[in-house]
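For reference, the chains in residue letters:
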Amino acid sequence: MSASHSAGVVDQVVGAVKENVGWAVGDTQLEAEGKLQRTKGSAEDAAADVKDAVTGRTTAEGAAHDAKESVKEAAQEAKDAAKDAKDSATPSRSEGAKNETIGGIKETVGKIVGSEDLQAKGSIQKNEGKVEQEAAKGVERAKGASEETWGAIKENVGWAVGNADTEAAGKLEREKGKLRQEANQ
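Residues numbered from 1 in each chain as written. Predicted model: local features only at pLDDT ≥ 70, side-chain atom pairs only at ≥ 80, totals over all residues. Heavy atoms only, no water.

Observations regarding the overall build of the protein
Then, number 1: Looking only at helices and strands, the protein features six helices and zero strands.
Then, number 2: In sequence order, the protein lays out its α and β elements as α-α-α-α-α-α.
Then, number 3: About 11900 Å² of surface is accessible on the protein, with carbon and sulfur atoms providing 56% of the total. (Helix = DSSP H or I, 4+ residues; strand = E, 2+ residues; numbered from the N terminus. Areas by Shrake-Rupley, 256 points an atom, 1.4 Å probe, with all protein chains shown as cover.)

In structure tokens:
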């Protein structure tokens, strides 16, 4: 495989990773970048096929070096994409509770065995878990407020136009929003 082939394959793989991560986290920009990079990789690979056919030879040593460098770059880009996906993820009450619990255990074990480092790391993880839970509650309260507002609007429009179904659906959505907010206090 020539260096051009390697670069094309790497672009295809990294592009596919970006595209899928973008799709998974709802980042249309990242998804579009991935599609573009994947397409670029396919074009590079095709161009390499033409070059190989015309020259009839490849430089194995140069290709191996280029491939190694391309793989390193691809690995870094994949790590960066995964980090971006993780950073943009919605906070989770269950993940926060898990981290709070694990952090509390680490903190306690650190105290028992006299490891200040383990105790400090546990305390940090426990507090990060608490923060994530509160952030998730905040997101849910905001959703509830939105549901309550749209429900009230729908209920009033249904009443104004004499549509009992729309009015009832609005009232239901409004109540759902109130309950969501109360559940996340």
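Details of the side chain of K137
Then, number 1: With respect to the helices and strands, the residue K137 is situated in helix α5 (residues 116-161).
Then, number 2: Sequence-distant contacts of K137, defined by excluding residues within four places in its chain, comprise R93, N184 and Q185. (Contact = heavy atoms within 4.5 Å.)

Details of the pattern of salt bridges
Then, number 1: In total, this model carries 15 salt bridges according to the counting rule given.
Then, number 2: D11 is paired through a salt bridge with K40; the nearest N and O atoms lie 3.6 Å apart. You can see D11 sitting in helix α1 (residues 3-25) and its partner K40 sitting in helix α2 (residues 28-55), a full 29 residues away along the chain.
Then, number 3: By relative accessible area, K40 is classed as partly exposed at 46%.
Then, number 4: For R174, the salt bridge identified is with E175, shortest N-O distance 3.1 Å.
Then, number 5: Shared partners join several salt bridges into a network, and the residues in it are E140, K143, E147, K176 and R180. (Salt bridge = Lys/Arg side-chain N within 4 Å of Asp/Glu carboxyl O. Buried < 20%, exposed > 50% of the residue type's maximum accessible area, 1.4 Å probe, protein only.)

Comments concerning helix α4 (residues 93-113)
One turn of the α-helix equals 3.6 residues, which is why residues spaced by three or four share an orientation.
Then, number 1: The first and last C-alpha atoms of α4 sit 30 Å apart over 21 residues, in line with the 30 Å expected at 1.5 Å per residue.
Then, number 2: Among all positions in α4, only G96, N99, G103, G104, E107 and G110 are buried. Taken down its axis, α4 places every buried residue within 135° of arc, on the same side. Opposite its buried face, α4 presents the exposed residues S94, I112 and V113, each directed more than 90 degrees away.
Then, number 3: Against α5 lie the buried residues of α4.
Then, number 4: G114 occupies a position one or two residues after α4 and carries a positive phi of about 75°. (Expected span 1.5 Å × (residues − 1). Arc of directions from axis to C-beta.)

Things to note about the packing of α4 against α5
Then, number 1: At their nearest, the axes of α4 and α5 sit 7 Å apart, and the two run at 160° to each other. Classified by the angle between their axes, α4 and α5 sit roughly antiparallel to one another. The way α4 lies across α5 gives a crossing that is left-handed.
Then, number 2: Of the residues that constitute the contact of α4 with α5, the class distribution is five nonpolar, eleven polar and ten charged. (Axes fitted to C-alpha atoms, helices over the stretch in contact; angles between N-to-C directions. Parallel < 35°, antiparallel > 145°, perpendicular 65-115°, else oblique. Left-handed = near helix turned anticlockwise from the far one by under 90°. Nonpolar A, V, L, I, M, F, W, Y, C, P; charged D, E, K, R; others polar.)

Observations regarding the packing of α5 against helix α6 (residues 164-183)
How two helices pack is summed up by the angle between their axes together with the distance between the axes.
Then, number 1: Two elements in contact, α5 and α6, have axes separated by 7 Å at closest approach and are oriented at 160°. Judged on the interaxial angle alone, α6 and α5 are roughly antiparallel. Read as a crossing pair, α5 and α6 show a hand that is left-handed.
Then, number 2: Its residues placed into classes, the contact of α5 with α6 shows five nonpolar, seven polar and 14 charged.

Overview of the environment of V109
Then, number 1: With respect to the secondary-structure elements, V109 resides in helix α4.
Then, number 2: The spacing of V109 and Q119 is ten residues in sequence and 7.1 Å in space, taken between C-alpha atoms.

Considering the confidence of the model for the protein
Then, number 1: Of the residues in the protein, 78% reach a pLDDT of 70 or more, and the chain-wide mean stands at 82.
Then, number 2: Confidence scores differ between elements of the protein, with helix α3 (residues 60-87) showing the lowest mean pLDDT of 63 and α6 the highest of 93. (pLDDT = per-residue confidence, 0-100.)

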